[in-house]
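Secondary and tertiary structure notes
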Amino acid sequence: MARTKTTNNSAATVGFEAKLWAAADALRNNMDAAEYKHVVLGLIFLKYISDAFEAKHAELDAQRAEGADPEDPDEYRAASIFWVPKEARWSHLKANAPQPTIGTLVDDAMAAIERDNPSLKGVLPKDYARPGLDKQRLGQIINLVSDIALGDSASKSKDTLGRVYEYFLAQFASAEGKKGGQFYTPSHVVRVLVEMLAPYKGRVYDPCCGSGGMFVQSEKFIEAHAGKLGDISIYGQESNYTTWRLAKMNLAIRGIDAQIAHGDAFHNDRHPDLKADYVLANPPFNDSDWRGALLKDDKRWVYGAPPAGNANFAWVQHFLHHLAPGGIAGFVLANGSMSSNQSGEGEIRKALIEADLVDCMVALPGQLFYSTQIPVCLWFLARDKRGRRHSSAGPAPDSIRGRDPVSLRDRRGHTLFIDARKLGTLVDRVHRELTDADIAKIAGTYHAWRSDRHSGESRNPAEYQDIPGFCKSATLEEIRKHGHVLTPGRYVGAAAQEDDGEPFEEKMKRLTATLYEQQAEAAKLDAAIAANLRELGYGG
């Protein structure tokens, strides 16, 4: 089973983040969530880099006698800390928060940070001085962000602001409804992908990375399993410019070094030569506006040209194009991708199956996303199912390694199906979340099937077994018999009913007697209704 030390960020269990959100949202007035998002997240980012700077500044100030210069930008760059010029420091902004010029001062601060830190060029919002933004409310938000409890250490401030940033991203996604889905994938869904792929080391790629949630969870996974920041190389791309800026800030606030490009991955692939060990992605569902007609003969369509009216299988083949020989891809798609035969999609899916690329399929419950109520599924594709761990992806740490990597399960000709539709817990009227136990159950089943995790204190791998109603290891021949449809419900069958101990004959007698009683009662009610109708003059 997967062993994690992750934090439960459920909307139902967070503490100060929820209070902070409520206070910040109260200042929103008539502003749209999409617009307000950049106001608040920009300030949180500014607070974060200013705090990290101030902590280093104090440290250097204490070392003046040894020659340290707290106003030397190179001292900060050497420690991977953003240099913050005087006009951009939080103390300066807080002191001027009540002033009507605060909007201009924040814009100047953002511009100064971009000027002195080239990696942030074009990333930070710089429209706080616009007339439509109430400067009194802006000052109140600055005071609110100033009160976030940070403690003394830089690591604690990073964690606190990281949590606030992630929580606010989720809340803005919820507030924006369908539009929010463009930049945010719920963290519990991302965690399922990350826990199943287990990206310990190597190149991780997301060509539609939104605000960068896949990368954040990958780094959290590594840290939770005794790895260190930087064990993976991160490559991303995002077509929406404002979302790309969010991703840059989201990763910078955690000190994650990543190559995140702006542009359309189909028409302007910014990492054309990349071969990734892991692909993690949540592409737009059933995108019909991807200009596929312009890419009819693209070299990526090895398994068939995807329809111009739906980008699902264009994304699948884009992922495969960038997958290293021993790589594995995990991604979210709409349920229709598992069974659709429209516009050649069935033929592409058949080709993928016959090439033995499909490693695992997971059906998820509905109501997990802010952008849609429809249920979705997870696809896992593997280039090599012989069970060998490739060196580029690195070995698993001793803490979770099951046995020698070369003896992993040979999965050729087999696909694991997991039906997780009954998992998850409603956290409000329309949103469901997967709990830590749900995530561990899904990921643990996959790792047991692959034989790459030990069970408890044992050095032996956890045993995999088909569980009716939940999981099934199916052969290629079985998938052919189902017309190359990949819906897990077709394979896992019905869940076994618990034996209640009542002998069959006795149960049938009891149920038959109950049926006769109910039929007799129904006859009495029918007679009473007929009598009443006759008294009203409607009887026959």
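Keep in mind that what you see is a predicted model, and the values were worked out from it rather than measured.

**A look at the packing of helix α8 (residues 187-197) against helix α9 (residues 213-224)**
- Running from N to C, α8 and α9 point in directions that differ by 55 degrees, and their axes come no closer than 9 Å. It follows from the interaxial angle that α8 and α9 lie oblique. The crossing of α8 and α9 is right-handed. Facing Ser-187, Val-190, Arg-191, Leu-193, Val-194 and Glu-195 of α8, the residues of α9 in contact are Gly-213, Met-214, Gln-217, Ser-218 and Phe-221.

**What about the pairing of strand β6 (residues 358-363)?**
- The element β6 is largely enclosed, with a buried count of six among its six residues.
- Pairing of β6 with strand β7 (residues 376-382), which is carried by five bridges, proceeds in the antiparallel orientation. Residue Cys-360 lies in a different strand from β7, and its bridge partner there is Phe-380.
- Pairing geometry for β6 and strand β8 (residues 414-419), over four bridges, is parallel. Note on β8: the bridge partner recorded for Val-362 is Ile-418.

**Description of the nonpolar core**
- Residues Tyr-36, Ile-44, Phe-168, Met-196, Ile-260, Val-362 and Ile-418 are the most contacted members of the largest nonpolar core, which totals 110 residues.
- The greatest single-element share of this core, amounting to 14 residues, is contributed by helix α2 (residues 33-61).
- When neighbours within four sequence positions are excluded, Ile-418 is seen to be in contact with Cys-360, Met-361, Val-362, Ala-363, Ile-442, Thr-445, Tyr-446, Phe-470, Cys-471 and Pro-488.
- Judged by nonpolar contacts, the second largest core, of 40 residues, contains Ala-281, Leu-323, Leu-357 and Tyr-491.

**Details of the state of the cysteines**
- Under the definition given, this model contains zero disulfides.
- Take Cys-208: it sits in no disulfide, and the sulfur closest to it among the cysteines is that of Cys-209, at 7.8 Å.
- Look at Cys-209 and you get buried, because its relative accessible area is 5%.

Calculation notes
- Residues numbered from 1 in each chain as written.
- Predicted model: local features only at pLDDT ≥ 70, side-chain atom pairs only at ≥ 80, totals over all residues.
- Heavy atoms only, no water.
- Axes fitted to C-alpha atoms, helices over the stretch in contact; angles between N-to-C directions.
- Helix = DSSP H or I, 4+ residues; strand = E, 2+ residues; numbered from the N terminus.
- Parallel < 35°, antiparallel > 145°, perpendicular 65-115°, else oblique.
- Left-handed = near helix turned anticlockwise from the far one by under 90°.
- Contact = heavy atoms within 4.5 Å.
- Buried < 20%, exposed > 50% of the residue type's maximum accessible area, 1.4 Å probe, protein only.
- Pairing = 2+ DSSP bridges.
- Core = buried A, V, L, I, M, F, W, Y, C linked by side-chain atoms within 4.5 Å.
- Disulfide = S-S within 2.5 Å.

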